[in-house]
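Structure at a glance
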Amino acid sequence: MDMFNDFNGTNANVLMVGLTLVQAAAAKGAVCLDGSVPGYHLYRGYGSGANNWIIQLQGGAWCDSIQNCQNRKRSGYGSSTLMEKEVAFLGLLSNKAAENPDFYNWNKVKVRYCDGASFGGDSENKAAQLQFRGKRIFLAVMEDLMAQGMRQAKQALLNGCSAGGLSAILRCDDFSNLFPPTTKVKCMSDAGFFLDAVDVSGGHSLRRMYSGVVNTQGLQNTLPPTCTSHIKPTLCFFPQYIINQVKTPLFILNSGFDSWQIGNSLAPPSADPNGSWRNCSSSFRCTASQKQFLDGFKMSMLNAVKTFSKFSKNGVLITSGWAHCQAERQDTWFPGNSGAGKVKGIAVAVGDWYFERIKKKSS
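Residues numbered from 1 in each chain as written. Predicted model: local features only at pLDDT ≥ 70, side-chain atom pairs only at ≥ 80, totals over all residues. Heavy atoms only, no water.

1. Things to note about the overall build of the protein chain
In terms of helices and strands, the protein chain carries twelve helices and eleven strands. Computed over C-alpha atoms, the radius of gyration of the protein chain comes to 19 Å, within 12% of the 21 Å expected from 2.2 N^0.38 for 363 residues, which places it in the range of a compact globule. Along the longest, intermediate and shortest principal axes, the C-alpha atoms of the protein chain span 60 × 55 × 45 Å. Relative to its full complement of 363 residues, the protein chain shows a buried share of 56%. The long-range share in the protein chain, meaning contacts at least 24 apart out of those at least 6 apart in sequence, stands at 75%. Within the structure as shown, the protein chain displays about 15200 Å² of accessible surface, and the carbon and sulfur contribution to it stands at 52%. (Helix = DSSP H or I, 4+ residues; strand = E, 2+ residues; numbered from the N terminus. Rg over C-alpha atoms; globule rule 2.2 N^0.38 Å. Buried < 20%, exposed > 50% of the residue type's maximum accessible area, 1.4 Å probe, protein only. Contact = heavy atoms within 4.5 Å. Areas by Shrake-Rupley, 256 points an atom, 1.4 Å probe, with all protein chains shown as cover.)

As structure tokens, this is what we get:
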């Protein structure tokens, strides 16, 4: 869903970071869908960044049925035996000041996603030979990183994009609770603001998918009780119903015309049998009435963050480009001289929020 085979991927200048498997996680039952141990990629910070940590939770959709989760076991999204041994660190993970001015020399970790429910579950299906241990994986990986020096962190930022952006919201307070109050801890969700939206046929396609994820993995037991105590568990997998209860400072970065949501939530093939939305969802070539529908979607997104944005600790940036995951790509995170001036705003906006810099009036 969101593994960009980035156009820079073959460039010799891109930082490639090797995979570390967390063998100690096995005894804790903190394992991938197939029972294999979880993994992460760690790049060590240096200089002024030596005691600062960025943790990025990998994205990659969800599995919403036993069959889907069994298929997923046969990929790097369900088994560490099939994960790439190294991955490119781009955008917010870049180690070059010119590409990532605020965070280039921080310790950076990409945590691999192999549980199928946004690091959310803690159950199993013995008959189907499936382990749903995302929450345990998160805690076991964090414990390993604490021992690798994260315990000394002065500043930390948990983030992720897409399904990983949802994970960053779900696990934000757990992350913050690992540290003493003297550590500055914040979280950012990039393209993780999946809206509980009505699709083009008047149905709730994403709600149906989320219901499958929640029921397959028994998430009602691990989703925030502040939410599940008063609405259906499925709704508590949607950020809009849980963000106001997150205590830790949180930044929501999302496109109001999120390309994944247009193609999978608003106009999936099941809601668009005639394919009249195909041009709009695959390449953003939309008719006037389709544009109007999408404007309504963007308005719903802005409304859904209204209360959240009133808390001064939080940050929100809803952009208008057709995009999905903007902090993991160099061209959208900090294009420098190559991009349009206005796009340069994302890295700067996140930095201003994280470090609480004086807000300069942006033109």
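2. A closer look at the packing of aromatic side chains
Counted under the stated rule, the structure contains 22 aromatic pairs. Pairing Tyr-354 with Phe-355 gives two aromatic rings, centres 5.1 Å apart and planes at 75 degrees, and the pair type is edge-to-face. Pairwise contacts between aromatic rings join Trp-62, Phe-194, Tyr-210, Phe-237, Phe-238, Tyr-241 and Trp-260 into one cluster. Lying over the aromatic face of Tyr-113, Arg-72 brings its terminal NZ or CZ to 4.9 Å of the ring centre. (Phe/Tyr/Trp six-rings, centres within 6.5 Å; stacked < 30°, edge-to-face > 60°. Lys NZ or Arg CZ within 6 Å of the ring centre and 35° of its normal.)

3. A few points about the pairing of strand β5 (residues 107-111)
The side chains of a regular strand alternate, first on one face of the sheet and then on the other. Within β5, five of the five residues are buried, leaving the element largely enclosed by the surrounding structure. Residues Asn-107, Val-109 and Val-111 of β5 are buried on one face, and the alternating residues Lys-108 and Lys-110, pointing to the opposite face, are buried as well. In this sheet, β5 lies alongside strand β3 (residues 52-57) in parallel orientation, the contact comprising five bridges. Note on β5: the bridge partner recorded for Ile-55 is Val-109. (Pairing = 2+ DSSP bridges.)

4. Examining the pairing of strand β8 (residues 155-161)
A large share of β8 lies buried, amounting to seven of its seven residues. The pairing of β3 with β8 spans six bridges and is parallel. Bridge assignment links Ile-54 to a residue of β8, and that residue is Leu-157.

5. Section: the pattern of salt bridges
Evaluated as defined, the whole model comprises 14 salt bridges. Close ionic contact of Arg-112 with Glu-84 constitutes a salt bridge, the shortest N to O distance being 2.3 Å. Residue Arg-112 is found in the loop between β5 and β6 (123-125), and its partner Glu-84 is found in the loop between α1 (66-72) and β4 (86-89); the two are separated by 28 residues along the sequence. Residue classification places Glu-84 among the partly exposed residues on the basis of a relative accessible area of 39%. Residue Asp-122 is joined to Arg-133 by a salt bridge in which the shortest nitrogen-to-oxygen separation is 2.6 Å. One end of the pair, Asp-122, is in the loop between β5 and β6; the other, Arg-133, is in the loop between β7 (130-132) and α2 (134-147), with eleven residues separating them in the sequence. Here the salt bridges share partners, and the residues they tie into one network are Asp-122, Glu-124, Lys-126, Arg-133 and Arg-136. (Salt bridge = Lys/Arg side-chain N within 4 Å of Asp/Glu carboxyl O.)

6. Remarks on the side chain of Thr-183
With respect to the helices, strands and loops of the structure, Thr-183 is situated in the loop between α4 (172-176) and β9 (184-190). Assessed through its relative accessible area of 8%, Thr-183 is described here as buried. There is a polar contact of 3.2 Å between the side chain of Thr-183 and the backbone oxygen of Ala-153. Setting aside anything within four residues of it in sequence, one finds Thr-183 in contact with Ala-153, Lys-154 and Gln-155. (Polar contact = N/O pair within 3.5 Å; in protein donor to acceptor, adjacent residues only side chain to side chain.)

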